[in-house]
Amino acid sequence: QLHLQESGPGLVKPSETLSLTCTVSGASITSYTYYWGWIRQPPGKGLEWMGNIDYSGNTDYNPSLKGRVTMSIDTSKNQFSLKLKSVTAADTAIFYCARVDVSNWFGDWFDPWGQGTLVTVSS
Amino acid sequence: DIQMTQSPSSLSASIGDRVTITCRASQSITSYVNWYQMKPGKAPNLLIYAASILRSGVPSRFSGSGSGTDFTLTISSLQPEDFATYFCQQSNSSPRTFGQGTKVEMK
């Protein structure tokens, strides 16, 4: 059964870089029918898609993040990662990783998701 | 960006009730809408994809409909485990965007 698990520091200082890793178990990350994505949810707010990466390292980022986001993939470890630089308190959120099913012509969707990890930006 | 407007933002219902949640897109997205269920501390779950296709393993009391700009998630008979927050999401174009969520609470 496919399982995704986020990991990384729960506290990051303002102006620093937030780094998270998503470890995928139960299936290989090297598939052309799936991408890998990050979504976040600030406390009390809605969901924001941050971006996707495919197994070749091609990325699609949300322009709202204004170039602060970088995603990478490590197929040898079956992991993909997120870096968000120059963080502020507004970046405090639960961060989720998810598999993106792109195998069909009728759209794509996030399934499954990781449980999420809370990252707080504070000095 | 395509805006997804969900309504209501919250609702109170009883076990056995029929619950309907709507999502309106700011432009036509044909059938590129997905619905998710979220519970605190748990991984979100995909319920419906492509507007009306029930994900394998999801109870048949959940259904989705709509096309163009107006979409609906229906729970035909609310069960105790269905008290949660529900989100719609469009996959018509990038950036992918979500509705603001509908919290289903016990009456």
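Before reading further, recall that the structure is shown in the block above.
Report on the accompanying structure. (Residues numbered from 1 in each chain as written. Chains lettered and ligands numbered in written order. Predicted model: local features only at pLDDT ≥ 70, side-chain atom pairs only at ≥ 80, totals over all residues. Heavy atoms only, no water.)

### Some points on the interface of chain A and chain B
Let me state the cut-off plainly: When checking whether two residues touch, look at their non-hydrogen atoms; a contact exists if any pair is within 4.5 Å. Here the quantity called buried area is the total loss of accessible area, with a 1.4 Å probe, experienced by two parts when brought into contact, counted for both. Salt bridges are counted wherever a side-chain nitrogen of Lys or Arg sits within 4 Å of a carboxyl oxygen of Asp or Glu.
Each partner contributes to the interface: chain A provides 20 residues, whereas chain B provides 20 residues. Interface of chain A and chain B: buried area, both sides summed, is about 1800 Å²; carbon and sulfur atoms make up 62% of it. Scanning the region where chain A abuts chain B turns up two salt bridges. Between Arg-96 of chain B and Asp-108 of chain A there is a salt bridge whose closest N-O contact spans 2.5 Å.

### Some details on the sheet that holds strand β8 (residues 70–75) of chain B
Residue and element names in this part refer to chain B. Keep this limit in mind: The criterion for strand pairing is that DSSP finds at least two bridges linking the strands in question. Under the DSSP-based scheme used, a helix requires at least four consecutive residues in state H or I and a strand at least two consecutive residues in state E, with every element numbered from the N terminus. Helix axes are fitted to C-alpha atoms over the stretch in contact, other axes to C-alpha atoms as well, and angles between N-to-C directions run from 0 to 180 degrees.
In spatial order, the strands read β1-β3-β8-β7; together these four strands make up an open sheet with antiparallel pairing. Lying at the two open borders of the sheet, with one neighbouring strand each, are β1 (4–7) and β7 (62–67). Across the sheet, the axes of successive neighbouring strands diverge by a mean angle of 15 degrees, strand direction being ignored. In the sheet, β7 pairs with β8 via six bridges, with the strands oriented antiparallel. Paired with Gly-66 across the strands is Phe-71, a residue of β8.

### Here's the deal with the sheet that holds strand β8 (residues 79–84) of chain A
Residue and element names in this part refer to chain A. Strand order in the open sheet made by the four strands is β1-β3-β8-β7, with antiparallel pairing throughout. Each edge of the sheet is formed by a strand with only one pairing partner; in this case those strands are β1 (3–7) and β7 (69–74). The sheet shows a mean angle of 20 degrees between the axes of neighbouring strands, taken without regard to direction.

### Description of the pattern of salt bridges
Inspection of the entire model under this criterion finds nine salt bridges over all chains. A salt bridge links Arg-61 of chain B to Asp-82 of chain B; its shortest N-O distance comes to 2.7 Å. A residue pair is termed long-range when its members are at least 10 positions apart, and Arg-61 of chain B in the loop between β6 (53–54) and β7 and Asp-82 of chain B in the loop between β8 and β9 (85–90) qualify at 21 residues. When salt bridges that share partners are traced, they join Arg-40, Glu-48, Arg-68 and Asp-91 of chain A into one network.

### Topic: the packing of aromatic side chains
Put simply, the test is: For this analysis, a ring pair means two rings from Phe, Tyr or Trp (six-membered ring only for Trp) whose centres lie within 6.5 Å, classed as stacked if their planes differ by under 30 degrees, edge-to-face if by over 60, and tilted for the remaining angles. With a 1.4 Å probe rolled over the protein chains alone, any residue whose accessible area is under 20% of its type maximum counts as buried; one over 50% counts as exposed, and the rest are partly exposed. By definition, being over a ring means that NZ of Lys or CZ of Arg is both within 6 Å of the ring centre and within 35 degrees of the ring normal.
With the rule as written, the count across this model stands at 14 aromatic pairs over all chains. Aromatic side chains Trp-36 of chain A and Phe-80 of chain A sit 5.7 Å apart centroid to centroid with 45 degrees between the ring planes, which places their arrangement in the tilted category. On the criterion of sequence distance, the pair formed by Trp-36 of chain A in strand β4 (residues 34–41) and Phe-80 of chain A in strand β8 is long-range, its members being 44 residues apart. We note that Trp-36 of chain A, like Phe-80 of chain A, is buried. Pairing Trp-105 of chain A with Phe-106 of chain A gives two aromatic rings, centres 5.2 Å apart and planes at 80 degrees, and the pair type is edge-to-face. Through successive ring pairs, a cluster of aromatic residues spans Tyr-96, Phe-110 and Trp-113 of chain A together with Tyr-36 and Phe-98 of chain B. One cation-aromatic arrangement involves Arg-99 of chain A over Tyr-34 of chain A; the distance from NZ or CZ to the ring centre is 3.8 Å.

### Thoughts on the layout of surface pockets
The gaps left among the atoms become clear once a water-sized probe is rolled over them. Here is the rule: Grid spacing is 1 Å over the protein atoms alone, the probe is 1.4 Å, and a cavity is where that probe fits but cannot get out, while a pocket is an open set with protein on both sides within 12 Å along at least five of seven lines and lining residues have an atom within 4 Å of a point. Grid points are joined across faces, edges and corners, and a volume is the space filled by probe spheres set on the points. Any residue that is not Ala, Val, Leu, Ile, Met, Phe, Trp, Tyr, Cys, Pro, Asp, Glu, Lys or Arg is counted as polar, Gly included; the first ten are nonpolar and the last four charged.
By volume, the largest pocket amounts to about 460 Å³. Forming the walls of the largest pocket are 26 residues, and the residues nearest its centre are Gln-41 of chain A together with Met-38, Lys-39, Pro-40 and Thr-85 of chain B. When the residues that make up the lining of the largest pocket are grouped by side-chain class, the tally is eleven nonpolar, ten polar and five charged.

### Brief notes about the state of the cysteines
Here a disulfide denotes a covalent bond joining the sulfur atom of one cysteine to the sulfur atom of another. Residues and elements named next belong to chain A. To keep things clear, this is the line we draw: Whenever a pair of cysteine sulfur atoms sits within 2.5 Å, that pair is classed as a disulfide.
The full count for this structure, using the stated rule, is two disulfides over all chains. A disulfide bridge connects Cys-22 with Cys-97, and the sulfur atoms are separated by 2.1 Å. The chirality of the disulfide connecting Cys-22 with Cys-97 is right-handed, given an S-S dihedral of about 60 degrees. One end of the pair, Cys-22, is in strand β3 (residues 18–25); the other, Cys-97, is in strand β9 (residues 93–101), with 75 residues separating them in the sequence.

Worth remembering: the numbers are spatial, not functional.
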